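Observations on the three-dimensional arrangement
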Amino acid sequence: MMKRFEEFSSLFVQEVGSKQGPVSPVIAGSAAFAYGDPEQAEAIFDGSLKAPLYARMGNPTTARLENLLAAMDGGVGAVATASGMGAISLALLSLADSGDEIISIGGLFGGSYALLTQTLPRYGITTHFFTTDELDRVESAITPNTKAIFLESVGNPSLRLPDMATIAAIANRHGVALIIDNTITPLAIEPLKLGADMAVYSTTKIMAGNASALGGAVVFRKIVENDKFLTPRYARVHPVIKKMGPGALIANAKKSVMRDLGMSANAFASYLTLLGLETLPLRMERIAESTEALAAKLADAGLAVSHPSLPGHPDHARYLRDFPKGCGTLITLDMGSKEAAFDLLRQSKMLTLTANIGDSRTLALHMASTIYRD
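Nothing here was measured: the structure is a model prediction, and the numbers come from that model.

Re a nonpolar patch on the surface
Taken together, the side chains of Leu303, Leu333 and Leu344 define a hydrophobic patch exposed on the protein surface, amounting to about 190 Å² of accessible area. Looking at the secondary structure, you find Leu344 in helix α13 (residues 338-347).

Examining the pattern of salt bridges
Taken as a whole and judged by the stated rule, the model has 16 salt bridges. Here Asp315 makes a salt bridge to Arg318, at a shortest N to O gap of 3.8 Å. Of the residues examined, Asp315 reaches a relative accessible area of 3% and is grouped as buried. Residue Arg361 pairs with Asp359 through a salt bridge whose shortest N-O separation is 2.5 Å. By relative accessible area, which is 13% here, Asp359 ends up buried. Residues participating in the shared-partner salt-bridge network are Asp133, Arg160, Asp315 and Arg318.

Considerations on the packing of helix α4 (residues 84-93) against helix α5 (residues 110-119)
Contact geometry for α4 and α5: axes closest at 10 Å, N-to-C directions at 35 degrees. Pair α4 / α5 crosses with right-handed handedness. Residue-level inspection shows Met85, Ile88, Ser89 and Leu92 of α4 in contact with α5, the latter providing Gly111, Ser112, Leu115 and Leu116.

Observations regarding the layout of surface pockets
With a probe scaled to a water molecule rolled over the atoms, the places where space remains empty come into view. Estimated volume of the second largest pocket: approximately 940 Å³. In this structure, the second largest pocket is lined by 31 residues; those nearest its centre are Lys50, Ala51, Met57, Ile250 and Lys254. Of all the elements in the fold, those that place two or more residues in the lining of the second largest pocket are α2 (38-46), α3 (60-73), β1 (77-81), α9 (238-244) and α10 (248-261). With six residues, α10 is the largest single contributor of residues to the lining of the second largest pocket. Of the residues belonging to the lining of the second largest pocket, the class tally is 18 nonpolar, six polar and seven charged.

Comments concerning unusual backbone geometry
Each neighbour pair has its own omega, and for Asn156 with Pro157 the value is 10 degrees, a cis peptide bond. By the secondary structure assignment, Pro157 is in the loop between β4 (146-152) and α7 (164-173).

Describing the sheet that holds strand β7 (residues 216-220)
One open sheet accounts for seven strands, arranged β1-β7-β6-β5-β4-β2-β3; its pairing is mixed. The open sheet is flanked by β1 and β3 (126-130), the only strands paired with a single partner. The average angle at which neighbouring strand axes cross in this sheet is 20 degrees, direction not considered. Where β4 lies against strand β5 (residues 177-181), five bridges are found, and the strand directions are parallel. Opposite Ala148, over in β5, you have Ala177 as the bridge partner. The sheet contacts of α10 involve β1 and β7, and relative to β1 the element is tilted by about 25 degrees.

Comments concerning a negative patch on the surface
There is a patch of like negative charges on the surface, built from Asp37, Glu39, Glu42 and Asp46. Secondary-structure assignment places Asp37 in the loop between α1 (3-16) and α2.

Quick look at the nonpolar core
In this structure, Leu69, Met72, Leu92, Ile149, Leu178, Leu277 and Leu280 are the most contacted members of the largest nonpolar core, which totals 88 residues. At six residues, α10 tops the list of elements feeding residues into this core. Once you skip the residues sitting within four places of it in the chain, Leu69 turns out to touch Ala78, Thr203, Met207, Ala217, Val219 and Leu277.

What about the pairing of strand β6 (residues 198-201)?
Residues Met198 and Val200 line one face of β6 and the alternating positions Ala199 and Tyr201 line the opposite face, and both faces are buried. In the sheet, β5 pairs with β6 via three bridges, with the strands oriented parallel. By the bridge assignment, Ile179 is partnered in β6 with Met198. Two strands pair when backbone bridges link them, and β6 and β7 are joined in this way by four bridges, in the antiparallel orientation. Paired with Val200 across the bridge in β7 is Val218.

Each value, and the rule that gives it
- The written sequence of each chain sets the order in which its residues are numbered from 1.
- Per-residue local features are limited, in this predicted model, to residues with pLDDT of at least 70; the limit for side-chain atom pairs, both in listing and counting, is 80 or more; totals at the level of whole chains, interfaces and linings are taken over all residues.
- The side-chain quantities take in all heavy atoms of the structure and omit both hydrogens and water.
- Patch membership requires over 30% relative accessible area and the absence of a salt bridge. Like charges are linked within 9 Å, and nonpolar side chains (Val, Leu, Ile, Met, Phe, Trp, Tyr) within 5 Å.
- Here the open area of atoms and residues is found with the Shrake-Rupley method and a 1.4 Å probe, where only the protein chains shown may cover a residue.
- Any Lys or Arg side-chain nitrogen located within 4 Å of an Asp or Glu carboxyl oxygen qualifies as a salt bridge.
- Think of it this way: any DSSP run of H or I at least four residues long counts as a helix, any run of E at least two long counts as a strand, and we number them from the N terminus.
- Buried means the residue's accessible area, taken with a 1.4 Å probe over protein chains only, is under 20% of the maximum for its type, while exposed means over 50%, and partly exposed covers the values in between.
- Angles shown run from 0 to 180 degrees and are taken between the N-to-C directions of axes, each axis being a line fitted to C-alpha atoms and, for helices, limited to the stretch in contact.
- When the near helix sits turned anticlockwise from the far one by under a right angle, the crossing is termed left-handed; a clockwise turn instead gives a right-handed crossing.
- For this analysis, residues touch if any pair of their heavy atoms sits within 4.5 Å.
- In this analysis, the protein atoms alone were mapped onto a 1 Å grid. Cavities are point sets where a 1.4 Å probe fits without being able to get out; pockets are open sets with protein on both sides within 12 Å along at least five of seven lines; lining residues have an atom within 4 Å of a point.
- Grid points are joined across faces, edges and corners, and a volume is the space filled by probe spheres set on the points.
- For this scheme, ten residues count as nonpolar: Ala, Val, Leu, Ile, Met, Phe, Trp, Tyr, Cys and Pro. Four count as charged, namely Asp, Glu, Lys and Arg, and the remainder, Gly too, count as polar.
- Paired strands, in this sense, are two strands between which DSSP finds at least two bridges.
- For the purpose of charge, His is not counted, nor are the chain termini; Lys and Arg are scored as positive and Asp and Glu as negative.
- Note on charges: their place is set at NZ of Lys, CZ of Arg, CG of Asp or CD of Glu.
- Grouping buried Ala, Val, Leu, Ile, Met, Phe, Trp, Tyr and Cys residues that are joined through side-chain atoms within 4.5 Å yields what is termed a nonpolar core.

The following block contains the structure:
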């Protein structure tokens, strides 16, 4: 079960460090890069030469992180961003225009829900929401204007598990892009292998692992012959595909979104995230074991615990079938009232109260009075 963790325990450490010169990755702190001569400048700007253009479009430290994330998910490449919300915005806006529609399935992080319900509608982009149990309604909601199906591999904080293989089949049958937010299950779930076109991450969370670096990333699959992105649904992307070939989704995201909106990763955050990757496989293995054990202990103590590893959870069978490496770090407790929840948080000597997940510490938060107060 844990063979993938073992593989990347070696790969990440080997690729993050260097065998000659500085062992730890070099931080490229420059905002601008010199091109040498006019011909090189032209080649960099037209995309025929892969070299740093300007820090808003990426830098060498961030490129190293992007290469490793692409290798982790089997993608053609990746784009690192300033935050997880920057990554989600990059992925969705690279495909959707005013008048277009998005389909969202399952529970969502509060920031993602706000983006889809408050911000994108201001620009004419509408989202239709479905629970994980409403897949029979999804196909009838797809229209010629549907540009993406968006979901989280594990609902945060609902802990509902979507049937990703079935959803991927629906997306591919109708030629619609599938975007999976895999923030809580890096390495444990392989979105592109399941049929996603993009995998989205808040690298702030489990990847960095200790609340030191804000960041995000989108990993893209390559464009293939007779691709869904060559259909009329994605006509805006066709010129980029014609010019850039297999890596066109990366170029499209950078030129149509990042260049103009500027959600670029900074070099120091990318450096800290690279250090986090070195221990990610070891931490993910321990997370899978510890979360199951803690959920069982809390349930045995009589608390109302929600975790898919528990037999009473509605997605327990799916957890056993599709999540052999666990489903991340989250456990949800229903304390029955705000007062009881606050009392638990006050009395705990181990919990750190903060709006984050995936930290090396044990974190906790009352969701209704904080992230979901709106």
